[in-house]
Amino acid sequence: MDNSQENHLSRADKKSILIEKELKFVRALAGNNAKLRRKVLKNLKTWLATRSRSTFAFTDTDFLRLWKGLFYCMWLADKPLVQEALADDIASLVKCFDNIIISLKYFGAFLETMCLEWFGIDHWRMDKFMMLVRRCTRQTLILLHESDWPVEHVNIFMQQIEKTVLNADKCPFGLTKHFDDLLLEEVAKVSKGDVTDEAMQAIVKPYAIRLLQTNDRRMIKHITSSIFHYLIYQSELGQAYQEKFELWKNTNFVTGNIDDVDYEVQYEYEENDKDYNTEEKEMVYDPRAGQVDVIINAIRFNAMKIIEIFECNRYKSFVTSKGKKQMKMLVKQLKKFASGIFPLGFQSVASITEKDYAVDIDEQIKELENYEKKTANKETNSKNCQKLTQETHDKFCADRKKISSSNNVTNGKTKKKLTKKQLKEKMLMRLKEKREEKLKNIKEAKASKQKNSHSVSTKNAIQKSTLIFTSAAGSSKKPSKTKKAFNDTDDWPGISQNSEKLPSTLFCEVKHKKLAKAQVSEFGDLLVTPISKVKCLKRAALSTDETTKVKKRVKIALNRNVSQDLQQHIAQVERSPQVPYDSARKPVKGALKPNLLPSPINPFYRKKIGLKLNDTL
């Protein structure tokens with residue numbers, strides 16, 4: 001397109017042409033051709049530099065389009081060295097812009113794309129994307145360090161982090177955890193510890209506010225460990241504590257307090273040693289083969305300014321109870337740190353001394369006595385306890401005499417004394433034997449009681465059954481005129497009428513719809529007995545008539561079956577809306593339980609629906 005034609009185009013047409021070029025870059029970056037991807041990355045650097053100088057400023061949507069292609073460019077990269085080089089090339093695109101604010105927007109679009117795509121990354125590709133996050137943050141921090149950490153730019157940098165990484169609605173917890181772990185490490189590597197207090201205050205402030213806002217315990221613990229505790233541990237006091245603790249640990253915590261440890265560390269440097277001549281070498285940010293160690297300088301920070309941030313925001317409306325509790329603990333720790341005391345870690349360990357593990361027999365006997373009182377009766381327990389206490393005291397005294405006599409000098413020769421372990425083992429064995437004997441006595445007493453109670457209950461049941469039989473046989477009432485359910489000849493088989501065995505039982509009808517059983521005595525009397533007594537009679541009969549086992553005959557009287565009258569059936573059919581079916585017909589009573597009080601929402605609902613109150617109300 002000629003320059004004359006470009007001048008005649010409107011601004012919207014020019015914008016659409018730029019979007020088409022961006023889409024070409026995105027398609028090429030997300031393609032399968034590796035050579036084409038490398039060429040496009042080189043061309044992208046020059047295109048971003050020229051585009052940043054033009055009148056068409058970059059927007060967030062433009063950066064999001066580009067990062068979609070760059071994300072899949074990293075997705076398709078294989079082999080670790082290729083992935084490292086590509087991550088460095090993508091992160092170095094931040095330096096293509098003339099203005100730092102545009103580069104911070106580019107970084108914000110990167111964080112937003114990572115928040116959107118983080119869940120879709122599988123565990124095979126997770127490492128290279130975590131590396132990409134680290135390299136991109138490092139390049140943005142290098143830009144801030146080269147401009148001497150201006151507070152305005154640091155605030156914009158932290159605003160991008162607040163929108164994406166610290167926002168729980170957008171960002172997953174895994175990405176926030178990874179980003180928080182690397183942030184202060186990269187600040188220390190890039191700045192070599194030379195960061196202004198105002199810049200550190202601007203970095204820590206959003207994390208302090210986030211800690212006060214959250215109710216999530218995982219987030220609270222992670223922020224305290226990765227931000228606030230990290231600053232305390234990487235300080236001079238923290239490094240001195242770690243050196244002391246390692247020496248204290250190697251000596252098996254001999255002294256009770258860590259302050260009692262005396263140590264001297266001497267560092268020896270050789271003049272021709274290349275590892276310690278850092279001036280000749282470039283700064284190494286990542287551990288690699290041959291250069292495993294990476295220098296991380298301590299960041300200087302003002303603890304009192306961090307306390308001021310907490311104090312200014314502790315009474316605001318967004319503060320939660322859990323965040324406030326954690327904030328109070330952090331304020332105490334920071335105040336100790338400001339006074340020159342290291343507030344974290346182990347400061348003292350309880351001294352390990354030999355203890356007297358001797359067994360007190362009197363206390364053990366008292367415990368056994370209390371246990372027996374709870375399990376058994378007072379009378380049996382008192383007798384057993386008296387015997388056992390006497391026996392134990394006698395045995396104990398005899399053992400003491402034997403031990404004392406054995407320890408004494410006999411015939412000019414001294415016998416070896418028993419050690420504490422041997423005495424303890426002997427006493428424990430005796431106590432076990434005594435406990436087993438007591439438990440056996442208690443079990444025997446319980447078993448004898450159960451046998452006695454069972455025999456008494458069986459005797460009472462037999463006496464009650466004999467009384468019932470005698471009352472039935474001695475009654476001299478006249479036979480009542482009742483209709484026989486069965487014929488006279490159809491009697492129970494195996495039992496004659498004049499036999500001296502238990503009387504036969506017959507089913508009869510009784511008022512109030514309660515079943516009972518009728519007994520027929522030898523004289524022909526009919527006696528009604530309750531069901532509980534009948535069960536006892538059956539058991540007694542089974543026990544007495546074990547010799548005569550005869551099958552029982554049962555007759556089913558169908559004459560007593562009752563059917564529904566014809567009029568009742570017709571009335572029921574007329575009431576039901578199903579037979580014959582009528583959709584307009586309403587049931588007489590509702591299926592739900594009637595409510596005593598009507599609903600207070602609409603008091604005129606009966607007039608609208610046309611229902612009536614039930615008869616039950």
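About the criteria used
- Residues numbered from 1 in each chain as written.
- Predicted model: local features only at pLDDT ≥ 70, side-chain atom pairs only at ≥ 80, totals over all residues.
- Heavy atoms only, no water.
- Helix = DSSP H or I, 4+ residues; strand = E, 2+ residues; numbered from the N terminus.
- Contact = heavy atoms within 4.5 Å.
- Areas by Shrake-Rupley, 256 points an atom, 1.4 Å probe, with all protein chains shown as cover.
- Core = buried A, V, L, I, M, F, W, Y, C linked by side-chain atoms within 4.5 Å.
- Buried < 20%, exposed > 50% of the residue type's maximum accessible area, 1.4 Å probe, protein only.
- Lys, Arg positive; Asp, Glu negative; His and termini not counted.
- Salt bridge = Lys/Arg side-chain N within 4 Å of Asp/Glu carboxyl O.
- Axes fitted to C-alpha atoms, helices over the stretch in contact; angles between N-to-C directions.
- Parallel < 35°, antiparallel > 145°, perpendicular 65-115°, else oblique.
- Left-handed = near helix turned anticlockwise from the far one by under 90°.
- Nonpolar A, V, L, I, M, F, W, Y, C, P; charged D, E, K, R; others polar.
- Patch = residues over 30% accessible without salt bridge, like charges linked within 9 Å, V, L, I, M, F, W, Y side chains within 5 Å.
- Charge placed at Lys NZ, Arg CZ, Asp CG, Glu CD.
- Polar contact = N/O pair within 3.5 Å; in protein donor to acceptor, adjacent residues only side chain to side chain.
- pLDDT = per-residue confidence, 0-100.
- Phe/Tyr/Trp six-rings, centres within 6.5 Å; stacked < 30°, edge-to-face > 60°.
- Lys NZ or Arg CZ within 6 Å of the ring centre and 35° of its normal.
- Expected span 1.5 Å × (residues − 1).
- Arc of directions from axis to C-beta.

### What about the overall build of the protein chain?
Thought 1: From N to C terminus, the protein chain includes 20 helices and 5 strands.
Thought 2: Taking the intrachain contacts of the protein chain between residues at least 6 apart in sequence as the baseline, contacts between residues at least 24 apart amount to 67%.
Thought 3: For the protein chain, the accessible area works out to roughly 44,400 Å², and carbon and sulfur atoms hold 53% of it.

### Some thoughts on the nonpolar core
A general trend in soluble globular proteins is that nonpolar side chains are found buried together.
Thought 1: Membership of the largest hydrophobic core comes to 100 residues, with the highest contact counts inside it found for Phe228 and Phe310.
Thought 2: Excluding residues that lie within four positions of it along the chain, Phe228 makes contacts with Val204, Ala208, Leu211, Ile223, Ile306, Phe310 and Leu330.

### What to know about the side chain of Lys128
Thought 1: Here Lys128 is to be found in helix H7 (residues 126–146).
Thought 2: Buried charge without a partner: Lys128 forms no salt bridge, and the closest opposite charge is Asp78, 4.9 Å away.
Thought 3: For Lys128, the contacting residues outside a window of four places in its chain are Met74, Trp75, Leu76, Ala77 and Gln83.

### Regarding the packing of helix H10 (residues 197–213) against helix H11 (residues 217–233)
Thought 1: Look at H10 against H11: their axes get within 10 Å of each other, and the N-to-C directions meet at 155 degrees. Regarding the angle of H10 to H11, the classification is roughly antiparallel. The crossing of H10 and H11 is left-handed. Across the interface between the two elements, Met200, Val204, Tyr207, Ala208, Arg210 and Leu211 from H10 touch Met219, Ile220, Ile223, Thr224, Ile227, Phe228 and Leu231 from H11.
Thought 2: Counted by class, the contact of H10 with H11 contains 11 nonpolar, 1 polar and 1 charged residues.

### Quick notes on the pattern of salt bridges
Thought 1: Under the counting rule described, the total for this entry stands at 14 salt bridges.
Thought 2: The shortest N-O distance in the salt bridge between Asp88 and Arg135 comes to 2.8 Å. Placement of Asp88 in helix H5 (residues 80–91) and of Arg135 in helix H7 is noted, with a sequence separation of 47 residues between them.
Thought 3: As a salt-bridge pair, Glu186 and Lys189 come within 3.5 Å of each other at their nearest N and O atoms. Remark: Lys189 and Glu186 occur in helix H9 (residues 173–191); sequence separation between them is 3 residues, near one turn of the helix.
Thought 4: Several salt bridges share partner residues, and in doing so they unite Arg134, Arg138, Glu185, Glu186 and Lys189 into one network.

### Quick notes on a positive patch on the surface
Thought 1: Judged by side-chain charge, Lys35, Arg38, Lys39 and Lys42 come together as a positively charged surface patch.
Thought 2: Structurally, Lys42 is set in helix H3 (residues 34–53).
Thought 3: Owing to a relative accessible area of 64%, Lys42 belongs among the exposed residues under this scheme.

### Examining unusual backbone geometry
Thought 1: One non-glycine residue, Lys79, lies in the positive phi region at around 75 degrees.
Thought 2: Mapped onto the fold, Lys79 is located in the loop between helix H4 (60–75) and H5.
Thought 3: Using a relative accessible area of 63% as the deciding quantity, one classes Lys79 as exposed.
Thought 4: Its identity as a non-glycine residue notwithstanding, Lys192 has a phi of 55 degrees, on the positive side.
Thought 5: Of note, Lys192 is situated in the loop between H9 and H10.

### Topic: the side chain of Asp180
Thought 1: Looking at the secondary structure, you find Asp180 in helix H9.
Thought 2: Arg210 provides the closest opposite charge to the buried, unpaired Asp180, separated from it by 8.1 Å.
Thought 3: At 3.5 Å, the side chain of Asp180 forms a polar contact with the side chain of His222.

### A few points about the confidence of the model for the protein chain
Thought 1: Of all residues in the protein chain, 65% attain a pLDDT of 70 or more, and the chain-wide mean is 75.
Thought 2: Confidence drops under a pLDDT of 50 for residues 265–280, and excluding neighbours within four residues, the segment shows 6 contacts in the predicted structure.
Thought 3: Predicted confidence for residues 409–415 stays below pLDDT 50, and this span has 4 contacts to residues more than four positions away or in other chains.

### Here's the deal with the packing of aromatic side chains
Thought 1: Taken as a whole and assessed by the stated rule, the structure comprises 22 aromatic pairs.
Thought 2: Centroid distance Phe301 to Phe337: 5.4 Å. Interplanar angle 5 degrees. Geometry classified as stacked. Placement of Phe301 in the loop between helix H12 (236–250) and helix H13 (303–313) and of Phe337 in helix H14 (residues 321–338) is noted, with a sequence separation of 36 residues between them.
Thought 3: In this structure Phe337 comes out as buried when scored by relative accessible area, which is 12%.
Thought 4: The structure contains a cluster of three or more aromatic residues connected by ring pairs, namely Phe25, Trp47, Phe58, Phe63, Trp67, Phe97, Tyr106, Phe107, Phe110 and Phe157.
Thought 5: Over the ring of Phe58 we find Arg51, and its NZ or CZ is 4.4 Å from the ring centre.
Thought 6: The side chain of Arg218 reaches across the aromatic face of Phe173, ending 4.4 Å from its centre.

### Some points on a nonpolar patch on the surface
Thought 1: Nonpolar side chains collect at one region of the surface, where Val554, Ile556 and Leu558 lie side by side and expose about 380 Å² of accessible area between them.
Thought 2: Positionally, Ile556 belongs in the loop between helix H18 (531–544) and helix H19 (566–575).

### Some thoughts on H5
Thought 1: The end-to-end C-alpha separation of H5 is 16 Å, in line with the 16 Å expected for 12 residues at 1.5 Å each.
Thought 2: Among the residues of H5, those classed as buried are Gln83, Leu86, Ala87, Ile90 and Ala91. In an axial view of H5, the angular spread of the buried residues amounts to 130 degrees, which keeps them on one side of the axis.
Thought 3: Close packing links the buried residues of H5 with H3, H4, helix H6 (100–117) and H7.

### Describing the environment of Asp169
Thought 1: Mapped onto the elements of the fold, Asp169 is located in the loop between helix H8 (151–164) and H9.
Thought 2: On the basis of relative accessibility, which here comes to 74%, the residue Asp169 falls in the exposed class.
Thought 3: Between the C-alpha atoms of Asp169 and Cys115, which are 54 residues apart in sequence, the distance is 10.0 Å.

### Details of the packing of H10 against H13
Thought 1: Two numbers describe how H10 lies on H13: the axes approach to 9 Å, and their chain directions differ by 40 degrees. In terms of orientation, H10 and H13 fall into the oblique class. Here H10 and H13 pass one another in a crossing that is right-handed. From H10, Asp197, Gln201, Val204, Lys205, Ala208, Ile209 and Leu212 reach across to H13, where they touch Lys305, Ile306, Ile309, Phe310 and Asn313.
Thought 2: Class assignment of the residues belonging to the contact of H10 with H13 gives a composition of 7 nonpolar, 2 polar and 3 charged.

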